[in-house]
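Descriptive structure summary
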Amino acid sequence: MQASAGYPIVTLNEFIINRQDEHPEAKGDLSRLLHHIGIAAKIVNKKINKAGLVDILGKAGEVNVQGEDVKKLDVFANDHFMAAIKASGEVCAVASEENQEIITFDEGLSREGHYIVCMDPLDGSSNIEVNVSVGTIFSIYRRLSPGGEQADVSDFLQPGTRQVAAGYVIYGSSTMLVYTTGEGVDGFTLDPGIGEFCLSHARIRTPDTGRIYSINEGNYIHFPLGVKKYIKYCQEIDPETDRPYTSRYIGSLVSDFHRNLLMGGIFIYPQTQAAPKGKLRLIYECNPIAFIAEQANGAASNGTGRTLDEVPVSLHQRVPFYVGSREMMDRVHGFLAEYG
Ligand code: P6P
């Protein structure tokens, strides 16, 4: 995708429209939805950048100097992404990390909406107080229930292979939106000067291997033996295979994944004593990240099976999650197969 002659940037909206033009059958409904998600990301980004000032402007639950109710940022993010998705008129229901049940949009255009959205509006929000990057994760499917009827939870229990699009926003040193519609992965960096996400990482492909392993080693004692063996493999001295690797763990899924996606690496959140099924949620954390990883030449699994093949049984289901460079994934699968 080239910028138009003489004009140096491709904005997210231009990119979405250009991609839509490549599909004559497309009616623009997915494009409109992605555009609205981009708007919500800009609104949330503006608020997060001021997060440190919340103490001055008032803590969550208080009324700030502008007389507004100060909300926790993850509630703020949930409200704005929910409102933007509803405003697109293309979505009949949303499953959010912030809501126990699905939120259905039953009036007007939305009831006919072709899509459903699964999202974690602000993943890792506990990191905000210490100014660590956090992210929004979203996943889009076609609805299964008939248009015009109220959506139900069965619309959301689809395997990740049925995703139409998936993406994340990382609110870091710069704010980026990275997404896929199944034709590769592209990254857009927010230019605050013009208030636009601009194409900055076209056709992201993760390296076949890497030297970064990301896992919370504080849980080491509870890891499956195969994971323990893999960690020791990463730490062994072997110049032939460029080991020992480097341990990098931020504790914010979007940040850890984004770094490994660009540099090569592996992220692992296996079963632990505190989280016997794993900690991360299948439908709004693992599936969208897995879709992006595979579209960028990487891989994602629950340790024994492909993440995207798993058929969800509940909205907030947790699964073990392994995601990253293909060769590193093959290696950890070997240890899991041999040692369990
Ligand atoms: P732990 C953040 O709370 C989160 O959901 C993910 O963003 C992150 O990868 C994980 O939990 C970190 O969990 O147990 O290592 O603090």
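Since this is a predicted model, take the numbers as computed values, not measurements.

The rules we used
- Along each chain, the written sequence defines residue order, and numbers are assigned to residues from 1.
- With pLDDT at 70 or above as the cut-off, local features in this predicted model cover only qualifying residues; side-chain atom pairs require 80 or more to be listed or tallied, and sums for whole chains, interfaces and linings still use all residues.
- As a convention, hydrogens and water are excluded, and side-chain values are obtained from all of the structure's heavy atoms.
- Numbering of helices and strands starts at the N terminus; helices are DSSP runs of H or I of at least 4 residues and strands are runs of E of at least 2.
- Only C-alpha atoms enter the radius of gyration, while the globule expectation follows 2.2 Å times N to the 0.38, with N the number of residues.
- Buried residues are those whose accessible area, probed at 1.4 Å on protein chains only, stays under 20% of the maximum for their type, while exposed residues exceed 50% and partly exposed ones sit between those limits.
- By definition, residues are in contact when any of their heavy atoms lie within 4.5 Å.
- Surface accessibility follows the Shrake-Rupley procedure with a 1.4 Å probe radius. Residue values consider only the protein chains on display as shielding.
- Only four residue types enter the tally: Lys and Arg on the positive side, Asp and Glu on the negative side; His and the chain ends are excluded.
- Charged side chains are reduced to one point each, which is NZ for Lys, CZ for Arg, CG for Asp and CD for Glu.
- Buried Ala, Val, Leu, Ile, Met, Phe, Trp, Tyr and Cys residues form a nonpolar core when they are joined through side-chain atoms within 4.5 Å.
- In this entry, domain limits derive from an automatic or database-based domain assignment.
- Throughout, the term near means that a residue has one or more heavy atoms lying within 4 Å of the molecule or strand in question.
- The definition of a polar contact used here is a pair of N or O atoms within 3.5 Å, where within protein one atom must be able to donate a hydrogen and the other to accept one, and adjacent residues in sequence count solely through side-chain atom pairs.
- Gly counts as polar in this scheme, as do all residues outside two lists: the nonpolar Ala, Val, Leu, Ile, Met, Phe, Trp, Tyr, Cys and Pro, and the charged Asp, Glu, Lys and Arg.
- By salt bridge we mean one thing: a side-chain nitrogen of Lys or Arg within 4 Å of a carboxyl oxygen of Asp or Glu.
- Lines fitted to the C-alpha atoms define the axes, with helices restricted to the stretch that makes contact. Angles between their N-to-C directions range from 0 to 180 degrees.
- Convention used here: angles under 35 degrees read as roughly parallel, angles over 145 as roughly antiparallel, angles from 65 to 115 as roughly perpendicular, and any remaining angle as oblique.
- Whenever a pair of cysteine sulfur atoms sits within 2.5 Å, that pair is classed as a disulfide.
- Note: two strands are recorded as paired if DSSP finds a minimum of 2 bridges between them.

1. Some remarks on the overall build of the protein
A count of helices and strands for the protein gives nine helices and 13 strands. The globule rule puts the C-alpha radius of gyration for 340 residues at 20 Å, and the 20 Å found for the protein is close to it. Referenced to the eigenvectors of the C-alpha coordinate spread, the extents of the protein come out at roughly 60 × 50 × 50 Å. Burial statistics for the protein: of 340 residues in total, 53% are counted as buried. At a minimum sequence separation of 6, the contacts of the protein that also span at least 24 residues come to 63%. Split by element, the accessible area of the protein, about 15100 Å² in all, is 51% carbon and sulfur. When the 31 basic and 42 acidic side-chain charges of the protein are each reduced to a single mean position, those positions are 3 Å apart.

2. So, the nonpolar core
Within the largest apolar cluster, 40 residues are counted, with the highest numbers of intra-cluster contacts made by F156, Y168, F257, I289, F321 and V323. With nine residues, the top contributor of residues to this core is helix α8 (residues 282–295). Shared between two domains, this core holds at least three residues of each, these being domain 1 (12–201) and domain 2 (212–339). Formed by 39 residues, the second largest nonpolar core is a distinct cluster that contains V94, L122, F138 and I140.

3. Details of the site of the ligand
D123, G124, N216, Y249, G251, S252, L253, F267, Y269, K279, L280 and E285 make up every residue found near the ligand. Side-chain polar atom of N216 to an oxygen atom of the ligand: 2.9 Å apart, as the coordinates give it. In this structure, an oxygen atom belonging to the ligand sits 2.8 Å away from a main-chain N or O atom of L253. Burial of the ligand by the protein chains amounts to 79% of its free accessible area of 400 Å². Among the residues making up the shell around the ligand, the classes are represented as five nonpolar, four polar and three charged.

4. A closer look at the pattern of salt bridges
A full pass over the atoms with the stated rule returns eleven salt bridges. Of the charged contacts, one joins D186 and R19 as a salt bridge, the two residues approaching to 3.4 Å between their closest N and O atoms. Of this pair, D186 sits in strand β7 (residues 185–191) while R19 sits in helix α1 (residues 12–21), and the two are 167 residues apart along the sequence. Of the two residues, D186 and R19, both sit in the buried class. Here R243 and D238 are joined by a salt bridge, their closest N and O atoms 2.8 Å apart. Just as R243 is buried, D238 falls in that class too.

5. A word on the environment of F197
Along the chain, F197 falls in strand β8 (residues 196–201). Assessed through its relative accessible area of 1%, F197 is described here as buried. Between the alpha carbons of F197 and G108 there is a distance of 30 Å; along the sequence they are 89 residues apart. Ignoring any residue separated from it by four or fewer positions in sequence, one finds F197 in contact with V10, T11, L12, G38, A41, K42, T175, M176, L177, F188, T189 and L190.

6. Structural notes on the packing of helix α7 (residues 253–263) against α8
At a minimum axis separation of 12 Å, α7 and α8 run at an interaxial angle of 10°. Viewed along their axes, α7 and α8 adopt a mutual orientation that is roughly parallel. Note on element contacts: α8 touches α7 through E285, I289, I292 and A293, opposite L253, F257 and L261. Of the residues belonging to the contact of α7 with α8, the class tally is six nonpolar, no polar and one charged.

7. Digging into the state of the cysteines
Under the criterion given, the structure shown has zero disulfides. Cysteine C118 is unpaired, with the sulfur of C92 as its nearest cysteine sulfur at 11 Å. No disulfide involves C234; its sulfur sits 20 Å from the nearest other cysteine sulfur, which is in C286.

8. Focus: the sheet that holds strand β2 (residues 103–104)
Pairing is mixed in the open sheet, where eight strands are placed in the order β2-β1-β3-β4-β5-β6-β7-β8. Each edge of the open sheet is held by one strand with a lone partner, namely β2 and β8. Where strand β1 (residues 91–96) and β2 come together, two bridges link them in antiparallel fashion. Following the sheet pairing, A93 is matched in β2 by T104. Along the sheet face, α7 touches β3 (115–123), β4 (134–142), β5 (163–171), β6 (175–180) and β8 and points at about 100° away from the line of β5.

Such coordinate-based values are descriptive only and should not be taken to indicate function.
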